[in-house]
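Observations on the model geometry
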Amino acid sequence: MANLHTLAAEATKEVLDSLGKESSGIKTPGVHAVSIIAAYNTTGTKDGNEWNSVTVEFETENGETARLSEFFAVPKTNSQEDIDKANRTNTRIMNVMTRLAKAIGIPDIKVATSGYQESTDDKGRTVTTYPKFKNKKLNIVTYTEISADQKDPSKVYVTQTVDANKFLDKDGKDGLGRDSVESFNAEAKARFEIAYRDQTNPSCISKLATLQEQSMGHAPAAVTQPLTGMPSAETASNDDDI
C-alpha cells in the first residue's frame, strides 16, 4: 500500500523537483505591463525533419510570466501552392516580431535582431538569442484559451494566451500613438477561444460555454463531460515535446 514516505523515497529527483510548485503564469485576461526576459530562435529536428521557432518570454513586476511561441513553416512539397502558404505563415511571424520590436522602441526588425548570440541548449538544439529585446518594457494582451490534454481528451486546461496582434508600448500606446489600454482590456476579457487543434473536442466546447455564461453573470450550464481544470498558465511552447 502506498504511503507518503515510501513514495517520497522512490521518487526520482526530477519528480521531486517538480512537486509543490505553483504556476507563475499570468492568470487573468487583459493588458499586462511586462518586461522581456528573453527573445530567441530555436532550431531542432524531429523524425528527421528540421523545425524552427521563435519564442519571447515576458514577466510582470509581480513575477507572473507569459510566453509567445511561433513556428516557422516549411513547404510540404515543391508546389507553388505549398511554397506560397509557407511564405504567408513566415511573413505573418515577421509582422508579429516587427510589431513587438516597435512597441519596445526599435522600428527596424533588422536592427532588433542584430548582435545575436548563438548557443546550444540541453537538448542539443541551436538557440539564437536576440539581446536587444532583453529587459525592454511594454504592455502585452492575453486572452482565455481552452485546450485538451493530448493523452486524455476529457481533461481541459484554461490558460492565458498572448495576443500576437496586440502590443502596446510601456505607456500603453499602440502603433499609432493612441492610448489603447482600456479598449484592449475590454476586448481581452470578453474573448474566450478553443485551441485550433481542439475545436471539435466536446469537453472544450462545454468548458467554453460555461466560461462564456459565467462572464455574462449567468449560472454555468450543466456539464456532461468530465473536466479537469487547471489554473491559468503562461503560453506554452509546442517545442517542449520536440
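Residues numbered from 1 in each chain as written. Predicted model: local features only at pLDDT ≥ 70, side-chain atom pairs only at ≥ 80, totals over all residues. Heavy atoms only, no water.

1. Thoughts on the overall build of the protein chain
The helix and strand tally for the protein chain stands at six helices and eight strands. Helices and strands in the protein chain line up, N terminus first, as α-α-β-β-β-α-α-β-β-β-β-α-β-α. Per-residue burial for the protein chain yields a buried fraction of 38% across its 242 residues. Residue pairs in contact within the protein chain that sit at least 24 positions apart in sequence constitute 59% of those at least 6 positions apart. (Helix = DSSP H or I, 4+ residues; strand = E, 2+ residues; numbered from the N terminus. Buried < 20%, exposed > 50% of the residue type's maximum accessible area, 1.4 Å probe, protein only. Contact = heavy atoms within 4.5 Å.)

2. Concerning the packing of aromatic side chains
Considering all chains together, one arrives at one aromatic pair under this definition. With a centroid separation of 5.7 Å and an interplanar angle of 50°, the aromatic rings of tryptophan 51 and phenylalanine 71 are classed as tilted. Of this pair, tryptophan 51 sits in strand E2 (residues 49–60) while phenylalanine 71 sits in strand E3 (residues 65–71), and the two are 20 residues apart along the sequence. Residue placement shows lysine 166 over the ring face of phenylalanine 184; its charged tip is 4.9 Å from the ring centre. Here the guanidinium or amino end of arginine 191 rests over the ring plane of tyrosine 143, the centre of that ring lying 3.6 Å away. (Phe/Tyr/Trp six-rings, centres within 6.5 Å; stacked < 30°, edge-to-face > 60°. Lys NZ or Arg CZ within 6 Å of the ring centre and 35° of its normal.)

3. A look at the pattern of salt bridges
This structure, assessed with the given rule, holds eight salt bridges. Across the pair arginine 125 and aspartate 121 runs a salt bridge whose closest N-O atoms are separated by 2.7 Å. Linked by salt bridges that have partners in common, Asp163, Arg191 and Glu193 make up one network. (Salt bridge = Lys/Arg side-chain N within 4 Å of Asp/Glu carboxyl O.)

4. Let's talk about the nonpolar core
Judged by nonpolar contacts, the single largest core of 26 residues is most densely connected at Ile36, Phe58, Leu100, Phe133, Leu138, Ile140 and Phe167. In terms of residues, this core owes the most to one element, helix H3 (residues 80–103), which gives six residues. Dropping the residues within four chain positions of it, isoleucine 36 is found in contact with Val56, Glu57, Phe58, Leu100, Ile104, Phe133, Lys134, Asn135, Lys136 and Leu138. Val158, Phe192, Ile194 and Leu211 belong to the second largest nonpolar core, which has nine residues in total. (Core = buried A, V, L, I, M, F, W, Y, C linked by side-chain atoms within 4.5 Å.)

5. A look at the pairing of strand E6 (residues 137–148)
In terms of residue burial, E6 counts as a mostly covered element, since 11 of its 12 residues are buried. Bridge count between strand E1 (residues 30–46) and E6: six bridges; the pairing is antiparallel. Paired with valine 31 across the bridge in E6 is valine 141. For E6 and strand E7 (residues 156–168), the ladder comprises nine bridges, and the chain directions are antiparallel. Residue pairing across strands places alanine 148 opposite valine 156, the latter belonging to E7. (Pairing = 2+ DSSP bridges.)

6. Digging into the side chain of aspartate 174
Relative to the assigned elements, aspartate 174 resides in the loop between E7 and helix H5 (181–189). Overall, aspartate 174 belongs to the buried group, its relative accessible area being 13%. A polar atom in the side chain of aspartate 174 sits 2.8 Å from the side chain of arginine 178. Polar contacts involving the side chain of aspartate 174 include one to the side chain of serine 180, which spans 3.1 Å. Setting aside anything within four residues of it in sequence, one finds aspartate 174 in contact with Leu168 and Ser180. (Polar contact = N/O pair within 3.5 Å; in protein donor to acceptor, adjacent residues only side chain to side chain.)

7. Regarding the confidence of the model for the protein chain
Mean pLDDT for the protein chain: 88, with 86% of residues reaching 70 or above. Throughout residues 219–241 the model reports pLDDT below 50, and contacts reaching past four residues in sequence, or to other chains, amount to 64 contacts. (pLDDT = per-residue confidence, 0-100.)

8. Brief notes about the environment of asparagine 87
With respect to the secondary-structure elements, asparagine 87 resides in helix H3. For the pair asparagine 87 and proline 75, spaced 12 residues apart in sequence, the C-alpha to C-alpha distance is 8.4 Å.

9. Focus on the pairing of E2
Summarising the sheet, E1 and E2 pair through 12 bridges and their orientation is antiparallel. Residue asparagine 41 lies in a different strand from E2, and its bridge partner there is valine 54. Taken together, E1 and the strand that follows it, E2, pair antiparallel across an intervening segment of two residues, in which aspartate 47 is found at a positive phi of about 55°. Where E2 lies against E3, seven bridges are found, and the strand directions are antiparallel.

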